[in-house]
Amino acid sequence: MKLRMLITLAAASALLGLLFVGLGLNSRDLPSPLVGKPAPPFTLESLEDAERLLTEQDFIGEVTLVNVWATWCSTCRAEKPLLMELARGGIPIHAFNYRDERDAALRYLSVSDNPYRTIAYDPKGDAGIDWGVYATPETYVLDAEGVIRYKRIGPLTRQLLLDEVLPLIEQLRAETLRAEQHASEARRLAQS
Amino acid sequence: MKPCILQVRRILSLWLLVAWLPAGMAMALAIGQPLEFGSTAQQRQYDTLVRELRCTVCQSETIHESNAELAADMRRRVYDMTRAGHDAEAIVEFLVQRYGDYVRYRPPLQANTALLWASPFLLLLGGGLIWWRIVAGRRRMVQCPVFNARERDMLDRFCHGDDTGRPR
């Protein structure tokens, strides 16, 4: 009798434990299969200049952030001051203007700060699917080779930046620097 | 004055949207929008696929049912790729590469889904074990009954023709 009660108690607490773990999980935090893969190719007009075509190559070259935003997305608006701080701190930020209207986006940027270096205009969400965009805002960290090293679905927060994004950027920059040093050393050796 | 202009613009854009829907390709696909296919096989493939892919924004809906814009984009991708002659496997693979296994409503059998696939059988096994133990316990009781003094007393009375069950 006692054993049976113990078993029941153990089973009930196991179920409760599962429930508790489940409460702590955010069902929107999905692992992105794109982390560790090269930035997906795209060809889109620049938001500012319809004549100018941008590709993924315009995002690649140094350690950068790629932010997906739209004017209809209020969370993106709330997130922007933080992006501004990053941009002022010397972190290049590229962007997809996602499922938006060009006029609205340009007007919005003209009356407020613009943290973005380049903005690709993606009104139909074409690049959005290739980049695995769920919902705005989303932010990717690309290393200097253009490999996606991090992805955040939802807004960046100061805590997230301090805990995850900024250390990662620092680490990636150090990696890039080391790789460059190796390359120049190899060149020097080859010349001598 | 401005809201008025905005309203006119909205109506205009709505009209444009409706007018352009038959053109299909340029816009995301609305739910139930009639589509043209090269063959019935393509149509069947599209109809199956949109019911097997999960809308990643509204996670309890397939892209067939979901009103989310992302679902509309995904429907359009599935449609375009189907028309372009890609087979179902390639299309699912395409979306899995971008959104992960999560987009499939029918998860593949692999290491991290083994428990998921095994769970019905494990539950059945567990239930079977409990059932077997209960049945076995009852059978043991019938074969070798254990009575307390009061029950023995009652049995005794039944055996001697007193069926009231009342104590003497």
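Below, the structure is looked at part by part. Note that residues are indexed from 1 along each chain, following the sequence as it is written. Chains and ligands are labelled by the order in which they are written, letters from A for the one and numbers from 1 for the other. pLDDT decides what is reported in this predicted model: residues at 70 or higher carry local features, side-chain atom pairs at 80 or more are listed and counted, and totals for whole chains, interfaces and linings draw on all residues regardless.

## Details of the overall build of chain B
For the purposes of this entry, the term helix denotes a DSSP run of H or I that reaches at least four residues, the term strand denotes a run of E that reaches at least two, and both are numbered from the N terminus. On a plain count of helices and strands, chain B comes out with six helices and zero strands. When the elements of chain B are put in sequence order from the N terminus, they spell out α-α-α-α-α-α. Any residue with 12 or fewer other C-beta atoms within 10 Å of its own C-beta is exposed, any with 20 or more is buried, and the rest are partly exposed; the C-beta atoms used are placed from the backbone. The 168 residues of chain B split such that 16% are buried.

## Structural notes on the pairing of strand β3 (residues 64-69) of chain A
All names here are of chain A. Judged by how many residues are buried, β3 sits mostly within the fold: six of six residues are covered. A pair of strands is treated as paired once DSSP finds two or more bridges between them. Across five bridges, β3 lies against strand β6 (residues 138-142) in antiparallel orientation. Pairing of N67 across the sheet is with T139, part of β6. Pairing geometry for β3 and strand β4 (residues 93-98), over five bridges, is parallel. Paired with V66 across the bridge in β4 is H94. Convention used here: a crossover is right-handed provided that the path from the first strand, over the helix, to the second strand proceeds clockwise when the strands point away from the viewer. Viewed along the sheet, the connection from β3 through helix α2 (residues 74-88) into β4 turns out right-handed.

## Thoughts on the packing of helix α3 (residues 69-83) of chain B against helix α4 (residues 88-99) of chain B
Residues and elements named next belong to chain B. Angles shown run from 0 to 180 degrees and are taken between the N-to-C directions of axes, each axis being a line fitted to C-alpha atoms and, for helices, limited to the stretch in contact. Between α3 and α4, the shortest axis-to-axis distance is 10 Å and the interhelical angle comes to 145°. As for the relative orientation of α3 and α4, their crossing is right-handed in sense. Where α3 abuts α4, its residues M74, V78, M81 and T82 lie against I91, F94 and L95. When grouped by side-chain class, the residues that make up the contact of α3 with α4 number six nonpolar, one polar and no charged. Here a crossing is taken to be left-handed if its near helix is turned anticlockwise relative to the far helix by less than a right angle, and right-handed if that turn runs clockwise. We call two residues in contact whenever the C-beta atoms placed from their backbones are within 7 Å. Three classes are used: nonpolar for Ala, Val, Leu, Ile, Met, Phe, Trp, Tyr, Cys and Pro, charged for Asp, Glu, Lys and Arg, and polar for all others, with Gly counted as polar.

## Quick notes on the environment of A95(A)
All names here are of chain A. The topology assignment puts A95 in strand β4. Here A95 falls in the buried class, since 26 other C-beta atoms lie within 10 Å of it. For the pair A95 and N67, spaced 28 residues apart in sequence, the C-alpha separation works out to 4.6 Å. Beyond its immediate stretch of four places on either side in the chain, A95 contacts V66, N67, V68, W69, Y116 and I119.

## Points about the nonpolar core
Counting residues in hydrophobic clusters, the biggest one holds 54 residues, and the most contacted among them are A95(A) and M74(B). Apart from the residues lying within four places of it in its own chain, the contact partners of M74(B) are I129(A), L53(B), I63(B) and L95(B). Nonpolar cores are identified as sets of buried Ala, Val, Leu, Ile, Met, Phe, Trp, Tyr and Cys residues joined via C-beta atoms within 7 Å.

## Notes on the interface of chain A and chain B
Contacts between the two partners involve 14 residues from chain A and, on the opposite side, 13 residues from chain B. Residues belonging to the side of chain A that touches chain B are distributed by class as follows: seven nonpolar, five polar and two charged.

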